[in-house]
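Take a look at the letters that make up each chain.
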Amino acid sequence: MTAELSIAAGWLDDLTAAAADREAAGLRRELRPHGPADEVVDLAGNDYLGLATHPTVVEAAVDAVRAYGLGATGSRLVRGSTRAHADLEAGLADWLGTQTALVYSSGFLANVGAVRALARPGTLIVSDAHNHASLVDGCRTAKAGNDGVQTVVTPHADVSAVRDTLAAHPGRPALVITESVFSVDGDLAPLAALHAVCREFGALLLVDDAHAVGLLGPRGAGGVAAAGLAGEPDIVVTATLSKSFGAAGGLVAGPAQLHRHLVDTGRTFIYDTALPPAVAAGAAAALRLIAAAAGDELRAELADRAGYATARLRAAGLEVPTPSAGVLSVTAPGPQQAVGWAAACRARGVAVGCFRPPSTPDSRSRLRLTINVGVARDDFERAVDVILEERP
């Protein structure tokens, strides 16, 4: 065997061994492509309001495809900014109550870019233990790009711990990061209390509103708006368009100065191909539905379904935290049992999420159910039956 082949065999053998370890621990992940006529009852995706296939949304996207073509053809600063992007950003800012909004090609890049932009040399970052991986990677990127940046991870939703951490670093620039509705358990962050602590110590508050926009607050404007904090100058809002909007992409919303800073310096914005114009147009159509009376009706139905499923699961003795929006977390005995439970549901035509370490911040395995009001009510209730019947 040549030296080159020996090197290749060595690292490939390492990957094979690591994959075997993950398999033994119940941590193997699978890609499961499905067609457009998939008949599975979807309680795993994030299309909370059923807008991904709404005729008005689809028509707006199709019209934009005909006008602009399939892709944006370049980054936003080259040729990727279209009227569809500008209209969406203006609508988002008005809806969220912020001076500006900037759209990214994904929520992940929006979070990484926002954290990196808000950290400067010497910044103390205070991050909730249950924050999404994109926020975690944002903290790591900020530390790599600035001297003296430090990240302190505080216990989940613990305002006192955040206060103690800020108090231990008086006069230091600080950034507190939280989700509004957390993606793992679906619980709501104490945003008003966190903001009060941030203001006391002159810290910025970054809120990832991904699982709350469209579902909470006036006109569905999210967890920040629901807490009465929309437009506060010391709050930055990030979110994704891939959940309640049924689209794709991400956003960062806040003061005009931040918008200028992101456009001038944000690497995840400057060097990334823009969101396709058709997706921006579809998301804008979804926003109009979300902010209208039709959105109120969809939110009411989602809340009713969340209450129904929680009551039935708890009545069967399962551990389910009270949902704040559309995420229901159901504790499983362990990773292998969670995988088997999800597979048994899938075999009976019900798709559910399966969360296991290291994706869970507290080492607990879960089924994660997401409410989709686009699913017929009878199918939704049957899906709950299946989940209960297949419990380990």
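Residues numbered from 1 in each chain as written. Predicted model: local features only at pLDDT ≥ 70, side-chain atom pairs only at ≥ 80, totals over all residues. Heavy atoms only, no water.

With twelve residues, helix H5 (residues 107-118) should cover 16 Å at 1.5 Å per step; its first-to-last C-alpha distance of 16 Å lies within 8% of that length. Where burial is concerned, most of H5 is hidden: nine out of the twelve residues are buried. Of the residues making up H5, those classed as buried are Gly 107, Ala 110, Asn 111, Val 112, Gly 113, Ala 114, Val 115, Ala 117 and Leu 118. (Helix = DSSP H or I, 4+ residues; strand = E, 2+ residues; numbered from the N terminus. Expected span 1.5 Å × (residues − 1). Buried < 20%, exposed > 50% of the residue type's maximum accessible area, 1.4 Å probe, protein only.)

Once that is clear, we can look at the packing of aromatic side chains. Evaluation of the coordinates by the stated rule reveals three aromatic pairs. Relative to Phe 269, the ring of Tyr 104 has its centre 5.5 Å away and its plane inclined at 65°; by these criteria the two rings are edge-to-face. With Tyr 104 in strand S2 (residues 100-104) and Phe 269 in helix H11 (residues 267-270), this residue pair connects regions lying 165 residues apart in the sequence. Across this residue pair, the class does not change: Tyr 104 and Phe 269 are buried. Centre to centre, the rings of Tyr 308 and Phe 380 are 6.2 Å apart; their planes meet at 50°, and the pair counts as tilted. In this pair, Tyr 308 is assigned in helix H13 (residues 293-315) and Phe 380 in helix H15 (residues 377-389), connecting sequence segments 72 residues apart. In this structure Tyr 308 comes out as partly exposed when scored by relative accessible area, which is 22%. A cation over an aromatic ring shows up here: Arg 305 above the ring of Phe 380, its NZ or CZ 5.3 Å from the ring centre. For the cation-ring pair, Arg 377 lies above Tyr 308, with the distance from its terminal atom to the ring centre recorded as 5.4 Å. (Phe/Tyr/Trp six-rings, centres within 6.5 Å; stacked < 30°, edge-to-face > 60°. Lys NZ or Arg CZ within 6 Å of the ring centre and 35° of its normal.)

Attention shifts here to the sheet that holds strand S6 (residues 204-208). Here seven strands make up an open sheet; going across it, the order is S2-S8-S7-S6-S5-S3-S4 and the pairing mixed. The sheet terminates laterally at S2 and strand S4 (150-154), the two strands that pair on one side only. Pairwise comparison of adjacent strand axes, ignoring direction, gives a mean angle of 20° for this sheet. Bridge count for S2 against strand S8 (residues 250-254) is five bridges, and the pairing is antiparallel. Looking across to S8, one finds that Thr 100 is bridged to Gly 254. The sheet strands contacting helix H7 (residues 159-167) are strand S3 (124-128), S4 and strand S5 (174-179), and the helix crosses S3 at an angle near 170°. (Pairing = 2+ DSSP bridges. Axes fitted to C-alpha atoms, helices over the stretch in contact; angles between N-to-C directions. Contact = heavy atoms within 4.5 Å.)

Under the defined criterion, the tally for this structure stands at 21 salt bridges. Residue Glu 200 pairs with Arg 163 through a salt bridge whose shortest N-O separation is 2.3 Å. Placement of the pair is Glu 200 in helix H8 (residues 191-201) and Arg 163 in helix H7, with a sequence separation of 37 residues. Classification of Arg 163 by relative accessible area gives partly exposed; the value is 33%. (Salt bridge = Lys/Arg side-chain N within 4 Å of Asp/Glu carboxyl O.)

Turning to the side chain of Arg 299, a few remarks are in order. The residue Arg 299 is located in helix H13 in this model. A distance of 2.8 Å separates polar atoms of two side chains, one belonging to Arg 299 and the other to Asp 296. (Polar contact = N/O pair within 3.5 Å; in protein donor to acceptor, adjacent residues only side chain to side chain.)

Core analysis: the largest hydrophobic core is formed by 88 residues, its most contacted members being Leu 92, Trp 95, Leu 166, Phe 245, Leu 313 and Val 352. Discounting residues that sit within four places of it in the chain, Leu 166 has contacts with Leu 124, Val 126, Ala 174, Val 176, Val 197, Phe 201 and Ala 203. (Core = buried A, V, L, I, M, F, W, Y, C linked by side-chain atoms within 4.5 Å.)

When glycine is set aside, most residues are seen to have a negative phi, and most peptide bonds are trans. In this model, Thr 73 sits at a positive phi of 70°, which is unusual for a non-glycine residue. Within the secondary structure, Thr 73 is located in the loop between helix H2 (55-68) and helix H3 (76-80). Look at Thr 73 and you get exposed, because its relative accessible area is 70%. If you check the backbone angles, Ala 157 has positive phi at about 55° while not being a glycine. Ala 157 sits in the partly exposed class, given a relative accessible area of 32%.

Right, let's get into a nonpolar patch on the surface. Among the surface-exposed residues, Trp 11, Leu 12 and Leu 15 lie close enough to one another that they form a single nonpolar patch of about 320 Å² accessible area. Here Leu 12 shows up in helix H1 (residues 3-24). (Patch = residues over 30% accessible without salt bridge, like charges linked within 9 Å, V, L, I, M, F, W, Y side chains within 5 Å. Areas by Shrake-Rupley, 256 points an atom, 1.4 Å probe, with all protein chains shown as cover.)

Examined against the element boundaries, Glu 89 turns out to sit in helix H4 (residues 83-96). Of the polar contacts made by the side chain of Glu 89, one reaches the side chain of Arg 76; its length is 2.9 Å.

What follows covers the packing of H5 against helix H6 (residues 133-145). Two elements in contact, H5 and H6, have axes whose closest approach is 8 Å; the angle formed by their N-to-C orientations is 35°. Here H5 and H6 pass one another in a crossing that is right-handed. Two secondary-structure elements touch here, H5 through Phe 108, Asn 111, Val 112, Val 115 and Arg 116 and H6 through Ala 133, Ser 134, Leu 135, Asp 137, Gly 138, Cys 139, Thr 141, Ala 142 and Gly 145. Each residue belonging to the contact of H5 with H6 can be placed in one class, and the counts come to seven nonpolar, five polar and two charged. (Left-handed = near helix turned anticlockwise from the far one by under 90°. Nonpolar A, V, L, I, M, F, W, Y, C, P; charged D, E, K, R; others polar.)

Once that is clear, we can look at the sheet that holds strand S9 (residues 327-331). Taken together, the four strands give an open sheet; going across it, the order is S1-S10-S11-S9, and neighbouring strands pair in mixed fashion. Whereas interior strands pair on both sides, the edge strands pair on one side only; in this sheet they are strand S1 (41-43) and S9. With direction set aside, neighbouring strand axes in the sheet form an average angle of 30°. Direction of pairing for S9 relative to strand S11 (residues 366-370): antiparallel, over a ladder of five bridges. Across the sheet, Ser 329 pairs through a bridge with Arg 368, a residue of S11. Helix H14 (residues 335-347) rests against S9, strand S10 (350-355) and S11 of the sheet, and its axis sits at about 165° to S10. Along the sheet, H15 makes contact with S1, S10 and S11, crossing S1 at roughly 70°.

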